[in-house]
Amino acid sequence: MNIPRNGSTLSNCLLVTAGAAVGACVTILLHSPAENAAALDQNATASLAKHAPAAKPSGDRSTPAADARSRSLEELSALPASAAKSQALTELGHQLATKDPQAAMAAAQSIPGDADRLDFLRGAMAAWSLTDPRGSLDYARTHLPNGQAQSESIRVAIDSWSARDPRAAFVWTEENLSGPLKEEALGTFAQSWARTAPDKAAAWFLETGSTSQTLLNNLVTGWAAVDPAAAISWSAQLTQPGNQRVGLVTAIGELARQNPAAAADAALPYLTDAPPSSASSIAGSAPEGARRSIPDLPTILADIWGTSDPAAAAKWVSELPAGASRTEAASTLATVWAASDIQSAVKWSEGFSDPEMRATIVEHLATTWGAIEPDKAIAWLNTQPPEIAANGIRGAYNSWAATDPAGMQDWLGQLPPGLGTDQARGSLADVLSGTDPLAALDLARNMFSPSTQADALNRYYRSWQRQSPAEANEWLTAEWATLPPQARQRMTKN
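Residues numbered from 1 in each chain as written. Predicted model: local features only at pLDDT ≥ 70, side-chain atom pairs only at ≥ 80, totals over all residues. Heavy atoms only, no water.

Novice: Before we go on, may I ask you to explain the pattern of salt bridges in this structure?
Specialist: Should the charged atoms of two oppositely charged side chains come close, the side chains can pair. Applying the stated rule across the entire model yields 14 salt bridges. The salt bridge involving glutamate 152 is made with arginine 155; its shortest N-O contact spans 2.8 Å. Here glutamate 152 pairs with arginine 155, and both are found in helix α10 (residues 148-164), just 3 residues apart, close to one helical turn. The shortest N-O distance in the salt bridge between lysine 376 and glutamate 373 comes to 3.5 Å. Judged by relative accessible area, glutamate 373 falls into the buried class, the value being 17%. (Salt bridge = Lys/Arg side-chain N within 4 Å of Asp/Glu carboxyl O. Helix = DSSP H or I, 4+ residues; strand = E, 2+ residues; numbered from the N terminus. Buried < 20%, exposed > 50% of the residue type's maximum accessible area, 1.4 Å probe, protein only.)

In C-alpha cells, the structure reads:
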C-alpha cells in the first residue's frame, strides 16, 4: 500500500531549513512618548517630517531604490515593504538627525508602522551618536519604550561610539544599563572595538578576567571578521578552558563562513580524535599542552560547509580519522544535505563501508527525509539491510508524526495491526499523548506485539493520569474489562 505523501506546509518548512543557521526577529508595538512631542514646535516638526527629502544619491534615479530615496517621510510610510523602502527610511532618519536630532526623534513617532519606525530610528541614532553619543543613548534609554526600538537604538549608538571611544562607551554602559539590555550592549561594544582595534580589545578582556561568553563571543566575532587567523591564534592561547572553547568555536566558525577549507585545517588540532601531532598554520601557535578537544567544532563546520558546498564537506568528512568527531560531522552533514539534495546525500551514504557509520548516516537522512517525503523515505529504507535501516525507520516515523500527524493517522487507519506498524503507531502515539490521550491509547490498543502493546497502554495511561487524574481513572474503570491481560497486569504493578 502506498503511503500518502506528506505535503503539509509545516513539515516542509521545518526540515527544508534543517541544519541551517536560522533566526527570527519579533517586532514589538511601540507607543510615542507624549512628553517629548509636547516639548517641540508641532508645526515645524510636522513640516520637516513631511517635506524634507532624503539624500539624493548619484546614479540612475529610475531604480526602485533611487525612487524611494526621493520621497518624503509621509510618502515613504505609505509605500509597501521593500528593501529599497527600508534603506530610504534609514537614510532619511540619518539626514534629519544630522540637522536636528530632537526633531528627527519626534518625526519618528509619527511613523505608523513599527518596522518602518525602526528603520528610521537606525539612521537617526547612527547620525546623532556621531556628534553626541551620550545624548543619543540617554534619549533611547529614557524616552523609547522597552522593546526592539529601544534595544536596537542603543545597539546602533554603542556600535558607533565604541569604534571611536570604546572605554567611554563601556563606562556609560556599566553605569546606565542592566539585565539583558546591558548584556547586549556590552556585546556590541566588544564586537565594534574588536573590528577597529582587536589587540587593544583583547588585552582589555584579559585584564578584566571576564568569563562572559557573550562578551567573548562578540569580541572574537568582530576580530575574526577582519583577521580570523589572528583571532584563532589568540583564542587558542586562552588558559581558561571555557574561554578557549568559546573563542575557538567562534573564530573557526567565522572563518568557515569565509573559507571552510581553511577552517577545517584550523580545527583539526582541536577535534576529539585528532592525532597528537596535528597542527595547522593557523592553530599551531597554541602550546601543545594547552590544546583541548572542542566537541562542537565538527558539527559547526559540517553545518556551515554543508550548507554552501556539501560535496566538499563530504570529502572533508571522509578524510577525518575514525572516531567521535567524524561521526558528529557526518551526522550533521547528512541532516543538512538531505534537506537540500536528498538524492546526492543518499548516494554519498552508499560509499561508507563501515556498517556503524553508514547506519548513523542513514538514520539522519531518514529523519530529515521522513518529514518531507515519508513515502519515499520509507520505501528507500526498505531497500537497506535491516541492521542499517532500523534507526532510520524510527527516525522517519518520528519526523512524519511530528510534522503531519493527521496524514500519518489516515495511513495507519488503513493498515491492520502488525509488527511492521507497531513502531509507526508508537511514534504517532508519542506525539498525540500530550494533546489527545484517547487517540494515543487507541493506537496502543491496535499494536500487534502483546508486550509492546502492554507497555504502550501503561505509558500513555500514566501520562494522562498526571495531566488529568479524574478523566484518566474514569477511562481505566470503563475499559478495564476489555484491556488485554498483559496490559492489566502491567498497569497493576504501578
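Novice: Looking at this model, I keep getting lost on helix α23 (residues 374-381). Mind explaining?
Specialist: One turn of the α-helix equals 3.6 residues, which is why residues spaced by three or four share an orientation. Burial of α23 is extensive: 6 of the 8 residues sit out of reach of the surface. All buried positions along α23 are accounted for by Pro374, Asp375, Ala377, Ile378, Trp380 and Leu381. In this structure, the buried side of α23 is in contact with α21 (342-349), α22 (355-372) and α24 (386-403). (Contact = heavy atoms within 4.5 Å.)

Novice: Help me out: how do you make sense of the nonpolar core in this one?
Specialist: It is characteristic of soluble globular proteins that their nonpolar side chains tend to be buried jointly. Core analysis: the largest hydrophobic core is formed by 132 residues, its most contacted members being Phe120, Leu219, Trp234, Ile252, Trp316, Trp348 and Met408. Setting aside anything within four residues of it in sequence, one finds isoleucine 252 in contact with Ile232, Ala263, Ala266, Ala267, Leu297 and Leu301. (Core = buried A, V, L, I, M, F, W, Y, C linked by side-chain atoms within 4.5 Å.)

Novice: It is not clear to me how the packing of aromatic side chains should be interpreted in this structure. Could you clarify?
Specialist: The description of an aromatic ring pair uses the distance of the two centres, along with the angle that the planes make with each other. With the rule as written, the count across this model stands at 16 aromatic pairs. Here phenylalanine 189 and tryptophan 193 contribute two aromatic rings whose centre-to-centre distance is 5.6 Å and whose plane-to-plane angle is 45°, an arrangement assigned as tilted. Residue phenylalanine 189 and its partner tryptophan 193 are both found in helix α12 (residues 179-196); the two are separated by 4 residues, about one turn of the helix. By relative accessible area, phenylalanine 189 is classed as buried at 1%. (Phe/Tyr/Trp six-rings, centres within 6.5 Å; stacked < 30°, edge-to-face > 60°.)

Novice: Would you mind going over the layout of surface pockets with me for this structure?
Specialist: Gaps between atoms show up when a probe of the same size as a water molecule is rolled over them. Put simply, the second largest pocket is a space of about 190 Å³. If you trace the second largest pocket, you find it lined by Gln191, Asn217, Asn218, Thr221, Val249, Thr250, Gly253, Glu254, Arg257, Ile300 and Ile304. Elements supplying a minimum of two residues to the lining of the second largest pocket: α14 (213-226), α16 (241-258) and α18 (296-308). Residue contributions to the lining of the second largest pocket peak at 5 residues, all from α16. The residue inventory of the lining of the second largest pocket, partitioned by class, reads 3 nonpolar, 6 polar and 2 charged. (1 Å grid on protein atoms, 1.4 Å probe; cavity = no way out; pocket = protein on both sides within 12 Å on 5 of 7 lines; lining within 4 Å. Points joined across faces, edges and corners; volume = space filled by probe spheres on them. Nonpolar A, V, L, I, M, F, W, Y, C, P; charged D, E, K, R; others polar.)

Novice: How should α21 be read in this particular structure?
Specialist: All buried positions along α21 are accounted for by Ile342, Ala345, Val346, Trp348 and Ser349. Axial view of α21: buried residues confined to an arc of 160°, hence all on one face. Facing away from the buried side of α21 by more than 90 degrees, the exposed set consists of Gln343 and Lys347. Packing partners of the buried residues in α21 comprise α19 (310-319), α20 (324-340), α22 and α23. (Arc of directions from axis to C-beta.)

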